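# Observations on chain architecture
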Amino acid sequence: MTDIDVLIDVLSVFCGADGRHGNTLGVVREGRHHPDRAARQAIAARLGYSETVFVDDPERGVVDIYTPGLRLPFAGHPLVGAAWLLDLETVNPPAGEVWVRQDGEFTWITARPEWAPPRTLRQYASAAEVDALPAPPPGEGWLYAWAWEDEAAGRVRARAFPRRDDGIAEDEATGAAALLLTAELGRALNITQGRGSQLITAPGPDGSIEIGGRVRLLTAH
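A brief look at the structure comes next. (Residues numbered from 1 in each chain as written. Predicted model: local features only at pLDDT ≥ 70, side-chain atom pairs only at ≥ 80, totals over all residues. Heavy atoms only, no water.)

### Topic: the overall build of the protein
- The number of helices and strands found in the protein is four helices and 14 strands.
- Relative to the globule expectation of 17 Å for 221 residues, the C-alpha radius of gyration of the protein, 16 Å, shows essentially globular dimensions.
- Residues counted as buried form 55% of the 221 residues belonging to the protein.
- Long-range pairs, those at least 24 residues apart, make up 58% of the contacts in the protein with a sequence separation of at least 6.
- Counting every atom, the protein has about 9,500 Å² of accessible surface; 49% of that belongs to carbon and sulfur.
- If the 21 positive side-chain charges of the protein are averaged to one point and the 31 negative ones to another, these points end up 2 Å apart. (Helix = DSSP H or I, 4+ residues; strand = E, 2+ residues; numbered from the N terminus. Rg over C-alpha atoms; globule rule 2.2 N^0.38 Å. Buried < 20%, exposed > 50% of the residue type's maximum accessible area, 1.4 Å probe, protein only. Contact = heavy atoms within 4.5 Å. Areas by Shrake-Rupley, 256 points an atom, 1.4 Å probe, with all protein chains shown as cover. Lys, Arg positive; Asp, Glu negative; His and termini not counted. Charge placed at Lys NZ, Arg CZ, Asp CG, Glu CD.)

This is the structure we're talking about:
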């Protein structure tokens, strides 16, 4: 539990194979205690995580997602984290129903690329060039910088920069951007993002994309 006046579980989503890294997520299980959107936005801003998810119906998986500055219809790491924490078969953000499956240490969600917020996907010549970028790079708009580490094996190095003046200089692990990159390339990917987070993706035959990763509980209320 944090010192904020709301009970939350804090997770790390898309951890590396050693359990380290991952993107921090706040989960407010009792979303009904904070029904007002302005109050939810204020809570997300005060927590300062890249995303905070409010659970409105734990049985049906109805959730509401906020960054420190805006509400999102869809985001990858909040849905993977909430599905793992609540042991759900589906989660329901505003964008639509998202199917979930568990496979060993990985939690997978299936989503559609058109649900993801717009991102600029910019390919660089090498992983070293991606590593050398400042946080954030100059410019405007949400940037997903990526390069092949091993193209034949589908291994990608990536970093993500929201560039939206909400205190998040770099997003550690970004499911929505991984979804868009997988759709653009049309193949399964093994993405190392940020300091060492891991996202696994696979395109489906109907245009949907699966996104998988490890989740770790950091603190529980």
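### Considering unusual backbone geometry
- The residue after Ala 135, namely Pro 136, is reached through a cis peptide bond having omega -5°.
- In this structure, Pro 136 sits in the loop between helix H3 (127-131) and strand E10 (143-150).
- Residue Phe 14 is not a glycine yet carries a positive backbone phi of 70°.
- Along the chain, Phe 14 falls in strand E1 (residues 9-15).

### Some thoughts on helix H4 (residues 175-185)
- The element H4 is largely enclosed, with a buried count of eight among its eleven residues.
- Looking only at H4, the buried set comprises Gly 175, Ala 176, Ala 177, Ala 178, Leu 179, Leu 180, Leu 181 and Thr 182.

### Quick look at the pairing of strand E8 (residues 106-111)
- When you tally the buried positions in E8, you get five out of six residues, the bulk of the element.
- Bridge analysis of strand E7 (residues 98-103) against E8 gives five bridges, and the strand direction is antiparallel. Each residue of the ladder has a partner; that of Arg 101, found in E8, is Trp 108.
- A loop of two residues connects E7 with E8, the two strands running antiparallel in sequence, and Gly 104 in this loop sits at a positive phi of about 65°. (Pairing = 2+ DSSP bridges.)

### Structural notes on the side chain of Arg 157
- By the secondary structure assignment, Arg 157 is in strand E11 (residues 155-161).
- Judged by its relative accessible area of 10%, Arg 157 is buried.
- At 2.7 Å, the side chain of Arg 157 forms a polar contact with the side chain of Asp 131.
- Sequence-distant contacts of Arg 157, defined by excluding residues within four places in its chain, comprise Ala 127, Val 130, Asp 131, Ala 145, Trp 146, Ala 147, Glu 149, Thr 192, Gln 193 and Gly 194. (Polar contact = N/O pair within 3.5 Å; in protein donor to acceptor, adjacent residues only side chain to side chain.)

### As for helix H1 (residues 37-47)
- Of all the residues in H1, the buried ones are Arg 40, Gln 41, Ile 43, Ala 44 and Leu 47. Projection of H1 onto a plane perpendicular to its axis shows the buried side chains occupying an angular sector of 160°, all on one side. Of the exposed residues in H1, the ones pointing more than 90 degrees away from its buried face are Ala 38 and Arg 46.
- At its buried positions, H1 is contacted by strand E3 (51-57), strand E4 (62-66) and strand E5 (71-72).
- Near the N-terminus of H1, the side chain that reaches the backbone nitrogen of Ala 38, with its oxygen 3.0 Å away, is that of Asp 36.
- With its phi angle positive at about 80°, Gly 48 sits one or two positions after the end of H1. (Arc of directions from axis to C-beta.)

### Considering the nonpolar core
- If you look at the biggest cluster of nonpolar residues, it comprises 47 residues, and the most contacted ones within it are Phe 74, Leu 79, Ile 109, Tyr 144, Val 156 and Ile 191.
- Among residues more than four places away in sequence, those in contact with Val 156 are Trp 146, Ala 147, Trp 148, Glu 149, Leu 181, Leu 189, Asn 190, Ile 191 and Thr 192.
- Residues Val 10, Tyr 49, Phe 54 and Tyr 66 belong to the second largest nonpolar core, which totals ten residues. (Core = buried A, V, L, I, M, F, W, Y, C linked by side-chain atoms within 4.5 Å.)

### Regarding empty space enclosed by the protein
- Throughout the structure, instances matching the rule amount to one cavity of 30 Å³ or more.
- In this structure, the largest cavity spans a volume of roughly 40 Å³.
- Lining the largest cavity, in full, are Glu 51, Ala 75, Gly 76, His 77, Pro 78, Arg 119, Asp 171, Ala 173, Thr 174, Gly 175 and Ala 176.
- When contributions to the lining of the largest cavity are tallied by element, the ones reaching two or more residues are helix H2 (76-86) and H4.
- Ranked by residues supplied to the lining of the largest cavity, first place goes to H2 with three residues.
- Split by residue class, the lining of the largest cavity holds four nonpolar, four polar and three charged. (1 Å grid on protein atoms, 1.4 Å probe; cavity = no way out; pocket = protein on both sides within 12 Å on 5 of 7 lines; lining within 4 Å. Points joined across faces, edges and corners; volume = space filled by probe spheres on them. Nonpolar A, V, L, I, M, F, W, Y, C, P; charged D, E, K, R; others polar.)

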